[in-house]
Amino acid sequence: MACLELSKEVKGKEEDCTNDGTVDFYGMPANKAKTGKWLAGIMLLLNQGLATLAFFGVGVNLVLFLTRVLQQNNAEAANNVSIWTGTVYIFSLLGAFLSDSYWGRFKSCAIFQVIYVTGLVLLSLTTQRYLLKPEGCGEREILCGEHSSTEISLFYVSVYMIALGYGGYQPNIATFGADQFDARDPREKQSKLAFFSYFYLALNLGSLFSNTVLDYFEDEGKWALGFWASAASAFAGLVLFLGGTAKYRHFRSSGNPIIRFSQVIVAASKKWSVETPDELYEGDDESDRKMLHTHGFRFLDRAALITSKEQDNEKNRNQWLLCPVSQVEEVKCILRLLPIWLCTIVYSVVFTQMASIFVEQGDAMKTSIGNFRIPAASMSTFDIMSVAVFIFLYRRVLDPIVKNIKKIKGEGQGITQLQRMGIGLVIAVMAMLSAAIVECYRLKYAKKECRHCEGSSSLSIFWQVPQYSLIGASEVFMYVGQLEFFNEQAPEGLKSFGSALCMTSISLGNYVSSLLVSVVMKISTTDNMSGWIPGNLNEGHLDRFYFLLAGLTILDLVAFIACAKWYKGIKHSGEMNQQVKEDDKCEV
């Protein structure tokens, strides 16, 4: 049934289609009543929760799996986890590229989820049949024996298939969920902004089961059971995703962005010596989502300069010599986003400690209550709880209060996305200082002769609660703000790339963390000292590493503030038309 046709039953009523250009599964304009909105959004949130449960069922305890099953030391295991986690998010760029250029978000999500499920099944089989030898090994007391190179290879193939599948899927599912809401409909626009908060909440709630139940079984050496549960969860998420096919709204892919960017660079370079006039080539795009000309990066404007030869040969213009303003503005937009993005990497270095160094620190503390032992990785539950609480506080309390103070009405936000990201950095500094202070006291009550024994420090693991909670609070401001900011500010054909920028900052944060640990160990290890992060943390100075991260984050905050003040947001022709209408109303 076509949109915009008069209803036969009620005169004057119309069956509207969306205003943002989305289509349904069959390529027809998407019907507002039958597609998208919260029915599709909730299905995607559930899919995200199940996929994340599976991912953290592997990732949250991977550092302990490497030390107990594959016999790696603490520094080596922490580095391998950082590299693996970093690779997960590097693959997000591949997923975003294929989505924006060729496959579209729905197809990309489906394909990468199939790869993801396959990797989880292979990991489960490899662990059960080859890695847990002798039987019952892999828990705190019984370490596993040596493994062949083939068995180790199978393990790494499986975990990097998981990295490819989850990494390629993640930026697309976030953007695909936002696609279900029409940004040009005032009601749906508010839902679209809310979706990113709920998306991040679903991500954290999905990991809650992993960080409690699965974490407990894996910590007791039941690794195969935990991995099979993860595979089952990912498979259920894939089935749910495919089940909502008829309800989804879709944006068509926009072609290869690398070619569009290259055309601008080549065209601008060939006209380097020509002065830029006031009027530039606008192209044939008359849509209200056309990007408007801005005055930054003026050397790129030469790509839109019409020479006398091109003026005479209007029908056969070469795209490698003349580009429309909107295409030039795409390149400018990405160049403006890069400094902001670079400033988020140091935060990701802090964030990644939660999956590695925090776990090793907790494992060296008193982890028992009576006869019950608390798995060190399960402390990230407090991070998840903090995320849930602060998402509610931000949306329902903090932002409305700031809007009232600033007297902002309508769709505006009390705290801008860049301000939220800055607040996230401040809280991250507090988290590192908290972790450093806890480590000082852990060392004070530590038994230096005890390497892996129970209760190597009499300080309770619950002293880690503040550092986990502060990390959770910082995520709500930094990562949710990032998702909204990069998705909103990315050009129309690069929305998945915008989400991938957030994921890639996590990736590079993991690589930088791995490099930083290696450098710190090399510098701090001498003949008389075992380094800041040795196999036996009681002989090291992990507190100094945390203080170092706090200092680096403060420097990053200063750079971020400078970049945020410099940044100029993207503008579309539709926004200017809307502003003109509002101004006309005011004059009347």
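Above: the structure in question.
Residues numbered from 1 in each chain as written. Predicted model: local features only at pLDDT ≥ 70, side-chain atom pairs only at ≥ 80, totals over all residues. Heavy atoms only, no water.

Caption draft 1: Seen up close, the overall build of the protein chain. A tally of helices and strands in the protein chain yields 18 helices and two strands. The C-alpha atoms of the protein chain give a radius of gyration of 26 Å, which matches the 25 Å a tight globule of 588 residues would have. Taken along its principal axes, the extent of the C-alpha atoms in the protein chain is 85 × 60 × 55 Å. Per-residue burial over the protein chain gives 55% buried out of 588 residues. Surface summary for the protein chain: the accessible area is close to 26,000 Å², and the carbon and sulfur share equals 62%. (Helix = DSSP H or I, 4+ residues; strand = E, 2+ residues; numbered from the N terminus. Rg over C-alpha atoms; globule rule 2.2 N^0.38 Å. Buried < 20%, exposed > 50% of the residue type's maximum accessible area, 1.4 Å probe, protein only. Areas by Shrake-Rupley, 256 points an atom, 1.4 Å probe, with all protein chains shown as cover.)

Caption draft 2: Structural detail: the state of the cysteines. The full count for this structure, using the stated rule, is one disulfide. With a sulfur-sulfur separation of 2.0 Å, cysteine 137 is cross-linked through a disulfide to cysteine 144. Linking cysteine 137 and cysteine 144, the disulfide has an S-S dihedral of approximately 85° and is accordingly described as right-handed. Overall, cysteine 137 belongs to the buried group, its relative accessible area being 1%. Cysteine 109 takes part in no disulfide bond, and the closest cysteine sulfur to it belongs to cysteine 502, at a distance of 16 Å. Among the residues examined, cysteine 109 registers a relative accessible area of 0% and is labelled buried. (Disulfide = S-S within 2.5 Å.)

Caption draft 3: The nonpolar core, seen in detail. Within the largest apolar cluster, 140 residues are counted, with the highest numbers of intra-cluster contacts made by Tyr116, Phe155, Phe241, Ile340 and Phe545. Phenylalanine 545 has contacts with Gln353, Ile357, Leu516, Val517, Val520, Trp532 and Ile533, leaving out every residue within four places of it along the chain. (Core = buried A, V, L, I, M, F, W, Y, C linked by side-chain atoms within 4.5 Å. Contact = heavy atoms within 4.5 Å.)

Caption draft 4: Quick look at the environment of glycine 370. Take glycine 370: it is sitting in the loop between strand 1 (368-369) and strand 2 (372-373). With a relative accessible area of 68%, glycine 370 lands in the exposed category. Sequence separation between glycine 370 and glycine 255 is 115 residues; the distance between their C-alpha atoms is 61 Å.

Caption draft 5: How the structure looks around helix 6 (residues 186-219). Taking 1.5 Å per residue, 34 residues should reach 50 Å; helix 6 reaches 49 Å between its end C-alpha atoms and fits that length. Of all bends in helix 6, the biggest is about 30°, found at valine 213. You can read the cap of helix 6 off the contacts: a side-chain oxygen lies 3.0 Å from the backbone nitrogen of arginine 187, and it is on aspartate 185. Trailing helix 6 by a residue or two, glycine 221 shows a phi angle of about 95°, which is positive. (Expected span 1.5 Å × (residues − 1). Bend = angle between axes of the 7 residues up to and from the residue. Polar contact = N/O pair within 3.5 Å; in protein donor to acceptor, adjacent residues only side chain to side chain.)

Caption draft 6: Examining a nonpolar patch on the surface more closely. Taken together, the side chains of Val389, Phe390, Phe392, Leu393, Val397, Ile401 and Ile405 make up a nonpolar region of the molecular surface, amounting to roughly 610 Å² of accessible area. The residue isoleucine 405 is located in helix 13 (residues 381-406) in this model. (Patch = residues over 30% accessible without salt bridge, like charges linked within 9 Å, V, L, I, M, F, W, Y side chains within 5 Å. Salt bridge = Lys/Arg side-chain N within 4 Å of Asp/Glu carboxyl O.)

Caption draft 7: Structural detail: the pattern of salt bridges. Considering all chains together, one arrives at eleven salt bridges under this definition. Two residues, glutamate 330 and arginine 260, come together in a salt bridge whose shortest N-O distance is 3.1 Å. In this pair, glutamate 330 is assigned in helix 10 (residues 325-343) and arginine 260 in helix 8 (residues 257-270), connecting sequence segments 70 residues apart. Taken individually, glutamate 330 and arginine 260 each receive the classification buried, so the pair is uniform in this respect.

Caption draft 8: Up close: the packing of aromatic side chains. In the structure shown here, the tally under the stated rule is 38 aromatic pairs. Both rings, one in phenylalanine 195 and one in phenylalanine 196, keep their centres 6.3 Å apart while their planes meet at 75°; by these two values the pair is edge-to-face. Relative accessible area serves as the criterion here: at 0%, phenylalanine 195 is assigned to the buried category. Between the aromatic rings of phenylalanine 485 and phenylalanine 486, the centroid separation amounts to 5.4 Å while the plane-to-plane angle is 65°, which identifies the pairing as edge-to-face. Like phenylalanine 486, phenylalanine 485 is buried. One aromatic cluster in this structure is built from Phe25, Tyr26, Phe106, Phe176, Phe241 and Tyr248. The cationic tip of arginine 302 hangs over the ring face of tryptophan 272; the distance from NZ or CZ to the ring centre is 5.6 Å. (Phe/Tyr/Trp six-rings, centres within 6.5 Å; stacked < 30°, edge-to-face > 60°. Lys NZ or Arg CZ within 6 Å of the ring centre and 35° of its normal.)

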